[in-house]
Each structure stands twice: as structure tokens, then as C-alpha cells.
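Below are the chains, spelled out letter by letter.
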Amino acid sequence: MERYYQKEIECASRDQIRAWQDERLVRQVHNVWDNVPYYRKKMEEKGLTPADVKGVDDLHKLPFVSKDDLREAYPYGLVARPLRDCVRIQSTSGTTGKRVVAFYTQHDIDLWEDCCARAIVAAGGTNEDVCQVSYGYGLFTGGPGLNGGSHKVGCLTIPASSGNTERQIMFIRDLSATILCCTPSYAAYLGETMKEMGLTPDQIPLKAGIFGAEAWSEEMRQDIQRTLGIKAYDIYGLTELSGPGVAFECSAQTGMHINEDHFIAEIIDPNTGEVLPEGSKGELVFTSITKEAFPLLRYRTRDICVLRHEDCPCGRTHVKMSKPMGRSDDMLIVKGVNVFPSQIETVLLGQSFAPNYQIIVDRVNNTDTMEVLVEMTPEMFSDQLSQVAEKEKQVVAALKAMLGIYAKVRLVAPKSIQRSEGKAVRVIDKRKI
Ligand code: DLL
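Basis of the calculations
- Residues numbered from 1 in each chain as written.
- Predicted model: local features only at pLDDT ≥ 70, side-chain atom pairs only at ≥ 80, totals over all residues.
- Heavy atoms only, no water.
- Near = heavy atom within 4 Å.
- Polar contact = N/O pair within 3.5 Å; in protein donor to acceptor, adjacent residues only side chain to side chain.
- Helix = DSSP H or I, 4+ residues; strand = E, 2+ residues; numbered from the N terminus.
- Axes fitted to C-alpha atoms, helices over the stretch in contact; angles between N-to-C directions.
- Parallel < 35°, antiparallel > 145°, perpendicular 65-115°, else oblique.
- Contact = heavy atoms within 4.5 Å.
- Nonpolar A, V, L, I, M, F, W, Y, C, P; charged D, E, K, R; others polar.
- Buried < 20%, exposed > 50% of the residue type's maximum accessible area, 1.4 Å probe, protein only.
- Pairing = 2+ DSSP bridges.
- Phe/Tyr/Trp six-rings, centres within 6.5 Å; stacked < 30°, edge-to-face > 60°.
- Lys NZ or Arg CZ within 6 Å of the ring centre and 35° of its normal.
- Core = buried A, V, L, I, M, F, W, Y, C linked by side-chain atoms within 4.5 Å.

**Section: the site of the ligand**
Surveying the vicinity of the ligand reveals 22 residues, the closest of which are Asp234, Ile235, Thr239, Asp303 and Arg327. At 3.1 Å from a nitrogen atom of the ligand is found a main-chain nitrogen or oxygen belonging to alanine 213. With respect to the ligand, the backbone of glutamate 214 contributes an N or O atom lying 3.2 Å from a nitrogen atom. Considering every element that reaches the shell around the ligand, the biggest residue donor is strand S7 (residues 231-238), with five residues.

**Section: the packing of helix H2 (residues 14-35) against helix H3 (residues 37-45)**
Packing of H2 against H3 leaves a shortest axis separation of 6 Å and a crossing angle of 105°. It follows from the interaxial angle that H2 and H3 lie roughly perpendicular. Between H2, through Val29, Val32, Trp33, Asp34 and Asn35, and H3, the contact on the second element is made entirely by Pro37, Tyr39, Arg40, Met43 and Glu44. Looking at the contact of H2 with H3 residue by residue, the class counts come to six nonpolar, one polar and three charged.

**Things to note about the pairing of strand S12 (residues 299-308)**
With eight of ten residues buried, S12 lies mostly within the body of the structure. Here five bridges tie strand S11 (residues 281-288) to S12, and the two strands are oriented antiparallel to one another. Across the sheet, the residue bridging to glycine 282 is cysteine 305, located in S12. As paired elements, S12 and strand S13 (residues 320-321) share two bridges and run antiparallel to each other. Considered in S13, the bridge of arginine 308 is made with lysine 320.

**A look at the sheet that holds strand S8 (residues 243-249)**
Overall, mixed pairing links the eleven strands, which are arranged S4-S3-S5-S6-S7-S8-S9-S13-S12-S11-S10 in an open sheet. One side of each edge strand has no neighbouring strand; the edge strands of this open sheet are strand S4 (156-158) and strand S10 (263-268). Note that strand S6 (residues 208-212) and S7 share five bridges and pair parallel. Bridge assignment links glycine 209 to a residue of S7, and that residue is alanine 232. The strands touched by helix H6 (residues 142-153) are strand S3 (130-133), S4, strand S5 (179-182), S6, S7 and S8; relative to S3, the strand with the most contacts, the crossing angle is about 170°.

**Some words on the environment of tryptophan 20**
One can find tryptophan 20 in helix H2. Each C-alpha atom of the pair tryptophan 20 and proline 378 lies 54 Å from the other, and the pair is 358 residues apart in sequence. Excluding residues within four positions of it along the chain, tryptophan 20 makes contact with Glu8, Ile9, Ala12 and Asp261.

**Focus: the packing of aromatic side chains**
As enumerated under the stated definition, the model contains eight aromatic pairs in all. Centre to centre, the rings of phenylalanine 263 and phenylalanine 286 are 6.2 Å apart; their planes meet at 70°, and the pair counts as edge-to-face. Of this pair, phenylalanine 263 sits in strand S10 while phenylalanine 286 sits in strand S11, placing them 23 residues apart in sequence. Of the residues examined, phenylalanine 263 reaches a relative accessible area of 3% and is grouped as buried. Among the aromatic side chains, those forming a connected cluster through ring pairs are Tyr76, Phe103 and Phe294. Against the face of tryptophan 216 rests arginine 221, its NZ or CZ located 5.8 Å from the ring centre. Across from the ring centre of tyrosine 104, 5.2 Å away, lies the NZ or CZ of lysine 291, which sits over that ring.

**Some thoughts on the side chain of asparagine 147**
By secondary structure assignment, the location of asparagine 147 is in helix H6. For asparagine 147, a relative accessible area of 15% puts it in the buried group. At 2.7 Å, the side chain of asparagine 147 forms a polar contact with the side chain of tyrosine 137. With residues near it in sequence (within four places) discarded, asparagine 147 still touches Val133, Tyr137, Thr157 and Pro159.

**Concerning the nonpolar core**
Of all hydrophobic cores here, the largest spans 69 residues; its most connected members are Leu146, Tyr236, Ile258, Leu284, Phe286 and Met321. For this core, the element with the most residues is helix H5 (residues 106-122), which contributes eight residues. Leave out the neighbours within four places in its chain, and methionine 321 touches Tyr236, Ala247, Gly255, Met256, Ile258, Leu284, Cys305, Val306 and Leu307.

**Focus on the sheet that holds strand S18 (residues 408-412)**
If you trace the four strands from one edge of the open sheet to the other, you get S18-S17-S16-S19, paired in mixed fashion. Since the sheet does not close on itself, it has two edges, and those belong to S18 and strand S19 (427-429), each with one partner. Taking each pair of neighbouring strands and ignoring which way they run, the sheet shows an average axis angle of 20°. Where strand S16 (residues 357-364) lies against strand S17 (residues 367-375), eight bridges are found, and the strand directions are antiparallel. By the bridge assignment for S17, valine 361 is matched with methionine 370. Sheet strands in contact with helix H10 (residues 341-350) are S16, S17 and S19, and its direction is about 125° off that of S16. Here helix H12 (residues 385-403) sits on the sheet in contact with S17 and S18, set at roughly 140° to S18.

Right, dumping it as C-alpha cells:
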């Protein structure tokens, strides 16, 4: 039987959800107009006052907010509450430019943790569970968010943080962890290590995993489910909006329900900014309607996905987003063709490789080149050279069929590509240097 953390909200009627959104959006627009000069200026530039926004139908009138706005307003320019009312800062893991810092009141933390609790319950979590949180703790939102959600559900929480893989496995076994929260790449690494230790899925007490913070393919889900003997659930979020729990997967595993009582989602054409009809693929844009300290209106996430309103067997009524296929700013343009690392992952796992690969893009004589390093499985490693060459050819052909361009493929020794404890680094683009 499906269980919910906040059933009356998660299964509310569409009319009820719309009523919440209309009322909260109007309140939020007044809030930013009154308290954030940066927003007031942006609205004035568009000739808008709060009276122009009477509900969700008027959302499209509002200006977008981008990461550049966040950088320009860094650090306090978008904060809507006096700092004495704020209790926490978290920050993005971005490596370029200034990091984004997000602010939270106690109320914001509380709602964020509710969202994470919804995700844990949707993955089957109860107060009987032992939940090991192996996302990084600290400025990154993964650890603190799921830790808070786990407490709310009443799970016995192990704040393991990331790293120290042997100890992670020791805790999972000794403390009988039933739920694991970490990035999918780290889950794959934990699975690989357990296998090497001779553990079979039935000797691992885990039953579910809540994995997110990076793009991962359906094939990678199957791989992790098999190795760990669990059901693997996706979870999505970003620091700017709170952290994990903006959207989460239910037992149907066909997309993530967006917590629409807190976030209004739109899909736009990333080039023109035009709002696209339901079912179109485009850039996901969010408006946070309940955040006090750091409200964002029409924030451009750069994540590319599809939204769908459809009856879900789980009973939840909130709109579902597809797995993001990658960020528009992670998307590679190689020889003029759009390439998402997740497409390459799909091909490799389909060819029975483990998810250990790296994509190297370069420019030689003004022409783009792409090389994909893929780790052989230990079985392949012991194959004849001619068999390895044959396998390489097969992968080249499969990549060509998926992407439409040639990519050089190099099969490398098992364990030669560095494992990730947080978000995996899949792409090395030498063209930028
Ligand atoms: O990654 C928050 C998070 C922590 C989500 C733990 C889920 C689990 P940021 O570091 O700000 O926050 O990065 C946000 O990560 O815009 C997406 O591009 C990507 N991302 C997050 N979740 C997923 C997912 C956290 N499930 C950025 N699938 C987002 C694909 C994801 N990409």
C-alpha cells in the first residue's frame, strides 16, 4: 500500500493545488516587491507592479532570474528577510565564478525537510528504517536536506557523509541500513566495492536508495538496483530553491513529482524564453512560492526535461518531471551536434559496461574531436586483444547510431578511471583551456 508523508497535500485535487499556487504567488510577488530592491527594479523595467500578477496565469509576465542575476546580487542582494531572521546558509558546488549562496529562515528549513521527508516515505521509508545519508554534509545541500527529512520520518539516521567507502559498507552491514541516500555514481561505486568484497545483493540489508544531484540514465538505475538488490529512486533539487526534494520519485519510477505546493514549474524554449506547451522538451524554470529568505521568481535552472500531468498509480497528483537529460550548460556541442553525457552513458551500459567512463573533447586543426574512455569489466580485460578491438568497434558504432557523429573509443583497464564520492566528473573539455 502506498504511503505518504503529507497525504492531503501530495494527493490534493488539481483545483486545490492551483488555488494554493495562485494565492502564494500573489503573496510572493508582493514580498519581493516590498523587500528586494533588485526584484523591484527588474519588475519596473518590465513596467510591472504587483497588481499585474493575480495568479498563475500572469506568471509569464514576470522577468526571468538567471544564475548571472544571482552572481550580480551576491551575496545579500536577493535576500528578502533581515539577516537576524535567517538561520542557515548553503552553497552550490559550482566550480566556476562565484558560488551561489542561499539563505534560509527556520520556516524555510522546515518546509525543505518536509519535501525530503515526502521523498523518503515515497521510497518506502518509515520510523522502522535505518537511513544512511552518504551525500556530502556542509555547504552542499544533499547531506543536510536528507538528514532533516530522515529525522522527520523518524528513521534512525546515520549521517555518514561521503567518502571512506570501507566504513560506509561497514555501517550499512553492522547497523543494518535499509535506505541509502547518495549520488548515483557513489551508489555504483559502493555496489562495485561490495561485489569485490564478495557480498551478494541478498547479504546487503539495503532495500531502497534515494539518488540524485546529477544526471543518471535509466540503464544506470537498473545496474545499481541489480548490484545492491534495492529499488533506486530519483530525487531532484537545487541549492537556489532549497536543495534536494524539489521533486522526487514514487514507486511508479516514471518521473519525479514536483512539490507544487512550494514550486511552480514551467518549461521554456532556452533560446527564446517562450513558454512551451505541456509535453515539450525544454528548460525547466521554477518559482518558489513559499520561501521566505531567498525567494526566486522564474528561476532558469538550465536543466532540460519534460513536464507531464498524468494520473499516477501512486495516487499523487503533483506534476511529474522526466529525468533531466543534462544541463543545457553541460551539453556539449561537438562538430555542431548536441551531445549529452547521459546519451553516452545509455549506450555504454547497454553494451554491458559499468558506469565508469570519461569523455574527452578537444579541437585539433580546427575540428572537434571526442574520445570516450571506458573501463573494461574484469572479464573483458582477460579477453584476447582481437576481442577487445572488436568490442571497441561495436561501441563506436553504437555511439554513432545514438549521436550521429564519430567518437573515438578507448577501452581502459578496470579501476583506471577515478571513482567519485559526490557528483562525478564525466567530461574533460580541453577546448576551453
Ligand atoms: O545537487 C541538490 C541535490 C542534492 C539534489 C542531493 C538531489 C540530491 P546543486 O549542487 O545546487 O544541488 O545542483 C543542482 O544538479 O540543477 C541539476 O543540474 C543537477 N541535479 C540535481 N538532481 C538531479 C537529478 C543539488 N536527480 C543541479 N537528476 C541541478 C539530474 C540533477 N540532475
